[in-house]
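Architecture at a glance
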Protein chains: 2
Amino acid sequence: MPTLYGYFRSSAAYRARIAFNLKGVPVDLAFVSLLKGEQKSADYTQKNPQGLVPALETEQGMLGQSIAIMEWLELEHPKPSLLPGDNWQQAQIRAFALAIACDIHPLNNLRVLKYITGELGASEAQKNAWYAHWIQSGFEALELSVKKHGGKFCFGNNPTLADVCLIPQIYNAERFNVDLSAFPALMAVYQHCNSLPAFADAKPENQPDAQG
Amino acid sequence: MPTLYGYFRSSAAYRARIAFNLKGVPVDLAFVSLLKGEQKSADYTQKNPQGLVPALETEQGMLGQSIAIMEWLELEHPKPSLLPGDNWQQAQIRAFALAIACDIHPLNNLRVLKYITGELGASEAQKNAWYAHWIQSGFEALELSVKKHGGKFCFGNNPTLADVCLIPQIYNAERFNVDLSAFPALMAVYQHCNSLPAFADAKPENQPDAQG
């Protein structure tokens, strides 16, 4: 069985947990505390030189990057598909997921927030404004997309890679008290997804390392 | 023929240009000046609500996100493959590309540099240190990867999605005078790629809008 290295609060690890749950593919969970800096330990960086979570360990080796892990999972276990439809539809789903994974999340993760409050001397208020700025400006286009393509989920009535990326991002935004009232379509998808075990079981507070 | 909306200096648009060149797939180029803020114009955001480049317009509509565009291109035009090999090998190539697209580039693009010098009041020196920090910390793991998997290119002796993402990122790093002496394996791939027309023709200075 593969092992998924993660951290309960890591939004990217949370994505991967949801994806394994939706596929019904069993995976061992291993925990790397970002708060304690364990991702930079010699033990972990020997396995994953990038020093980030998540990473997936299989008999073939180690694989980093949540989107790469989920693309691999999709190839290995095609059903139920997280990238359904024709090439164009798949591309739209990927673009939605990547708008989060490339243009929102990287600006708001722990190492970046530490840099702006540390090296750049940003105040708590400036940090919160920074956080909210990238969420709100990024979510505008996603809200339009869900209004156009959405059903119970971001694209129609089955979960896709788009939902897998959206739910952890909204979870984090709520943790930072970002005003999400301008995004009713995204919030409706969020409520629906969280009613499903595959999403609910992957929540940060339901992970063993949340108790540490 | 599809139309690729880009900007000569956009590293993500540069990736897409290389990919179309490597595939030998003709595409019309359209130009959106990020310097003039044209990506936020009503004309452009009506087409691409995210207000970023690149975006690809086809008969089926508009597609954002460089990685999604290149995954679509790979599905539509499988040869020559930018994601060769078995599922695990493909996953490693994607992880390399995403380490750039998710963990380096988003922190160093124009809109973010503007935010840290504007709202956060970073000095020119702080901006350059920020830029170099994300490049150098991100490149460390990529250098190890190329030492392990590389040949003339990041993975063996054929260009993949990894090279398509790496070359524009090094190009940008050089523009910001980042010290890259710790990354000889990456630089060897860079030199080799730039000797090939598919990469050289896609360079920022060879685009029509570079003359504006």
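Our subject in this report is the structure included herewith. Predicted model only: the values in this text are computed from it and were never measured. (Residues numbered from 1 in each chain as written. Chains lettered and ligands numbered in written order. Predicted model: local features only at pLDDT ≥ 70, side-chain atom pairs only at ≥ 80, totals over all residues. Heavy atoms only, no water.)

Focus: the interface of chain B and chain A
- Each partner contributes residues to the interface: chain B has 46 residues there, and chain A has 46 residues.
- In this assembly, chain B packs against chain A so that about 4100 Å² is buried in total across both faces, 66% of it on carbon and sulfur atoms.
- If you sort the residues of chain B by the area they bury against chain A, Trp-88, Tyr-115 and Leu-120 of chain B come out on top, with a joint share of 18%.
- For the interface between chain B and chain A, the tally reads four salt bridges.
- Between Glu-71 of chain A and Arg-94 of chain B there is a salt bridge whose closest N-O contact spans 3.9 Å.
- Inspection of the region where chain B meets chain A yields 16 residue pairs in polar contact (both at pLDDT 80 or more). (Contact = heavy atoms within 4.5 Å. Buried area = accessible area lost by both parts, 1.4 Å probe. Salt bridge = Lys/Arg side-chain N within 4 Å of Asp/Glu carboxyl O. Polar contact = N/O pair within 3.5 Å; in protein donor to acceptor, adjacent residues only side chain to side chain.)

Let's talk about the packing of helix α8 (residues 161–175) of chain A against helix α9 (residues 184–194) of chain A
Residues and elements named next belong to chain A.
- Packing of α8 against α9 leaves a shortest axis separation of 10 Å and a crossing angle of 100°. When the axis of α8 is compared with that of α9, the two are roughly perpendicular. Where α8 abuts α9, its residues Asp-163, Leu-166, Ile-167, Ile-170, Tyr-171 and Glu-174 lie against Leu-186, Met-187, Val-189, Tyr-190, Cys-193 and Asn-194.
- A per-class count over the contact of α8 with α9 returns nine nonpolar, one polar and two charged. (Axes fitted to C-alpha atoms, helices over the stretch in contact; angles between N-to-C directions. Helix = DSSP H or I, 4+ residues; strand = E, 2+ residues; numbered from the N terminus. Parallel < 35°, antiparallel > 145°, perpendicular 65-115°, else oblique. Nonpolar A, V, L, I, M, F, W, Y, C, P; charged D, E, K, R; others polar.)

Focus: the sheet that holds strand β2 (residues 28–31) of chain A
- Read across the sheet, four strands follow the order β2-β1-β3-β4 (chain A) without closing on themselves; strand pairing throughout is mixed. Lying at the two open borders of the sheet, with one neighbouring strand each, are β2 and β4 (61–64) of chain A. Between one strand and the next, the sheet's axes are offset by a mean angle of 25°, whatever the strand orientation.
- Strand direction decides the pairing type here: strand β3 (residues 55–58) of chain A and β4 of chain A, joined by four bridges, are antiparallel. Its bridge partner being in β4 of chain A, Thr-58 of chain A is matched across the sheet by Gly-61 of chain A.
- The strands touched by helix α4 (residues 87–103) of chain B within the sheet are β3 and β4 of chain A, with β4 of chain A carrying the most contacts at an inclination of about 40°. (Pairing = 2+ DSSP bridges.)

Things to note about empty space enclosed by the protein
- Per the counting criterion, the structure on display carries three cavities of 30 Å³ or more.
- Volume-wise, the largest cavity comes out at about 60 Å³.
- Lining the largest cavity are Ile-67, Glu-71, Arg-94, Leu-98 and Leu-161 of chain A together with Ile-67, Glu-71, Arg-94 and Leu-98 of chain B.
- Looking at the lining of the largest cavity, the elements with two or more residues in it are α3 (66–76) and α4 (87–103) of chain A together with α3 (66–76) and α4 of chain B.
- Partitioning the lining of the largest cavity into residue classes produces five nonpolar, no polar and four charged. (1 Å grid on protein atoms, 1.4 Å probe; cavity = no way out; pocket = protein on both sides within 12 Å on 5 of 7 lines; lining within 4 Å. Points joined across faces, edges and corners; volume = space filled by probe spheres on them.)

Quick look at the pairing of β3 of chain A
Residue and element names in this part refer to chain A.
- Pairing between strand β1 (residues 3–6) and β3: three bridges, direction antiparallel. Paired with Leu-4 across the bridge in β3 is Leu-56.
- Connecting β3 to the antiparallel partner β4 that follows it, the hairpin turn spans two residues.

A few points about the relation of the copies chain B and chain A
- Its rotation angle being 180°, the transformation that places chain B on chain A also includes 0.0 Å of axial translation and leaves an RMSD of 0.0 Å. Expressed as a symmetry operation, the mapping of one chain copy onto the other fits a two-fold axis. Using C-alpha coordinates, one finds that chain B approaches the rotation axis most closely at Cys-102 of chain B, a distance of 2.3 Å.
- An overlap of 100% is found between the interface residues of chain B and their copies at the interface of chain A, pointing to a shared contact surface. (Least-squares fit on C-alpha atoms with pLDDT ≥ 70 in both.)

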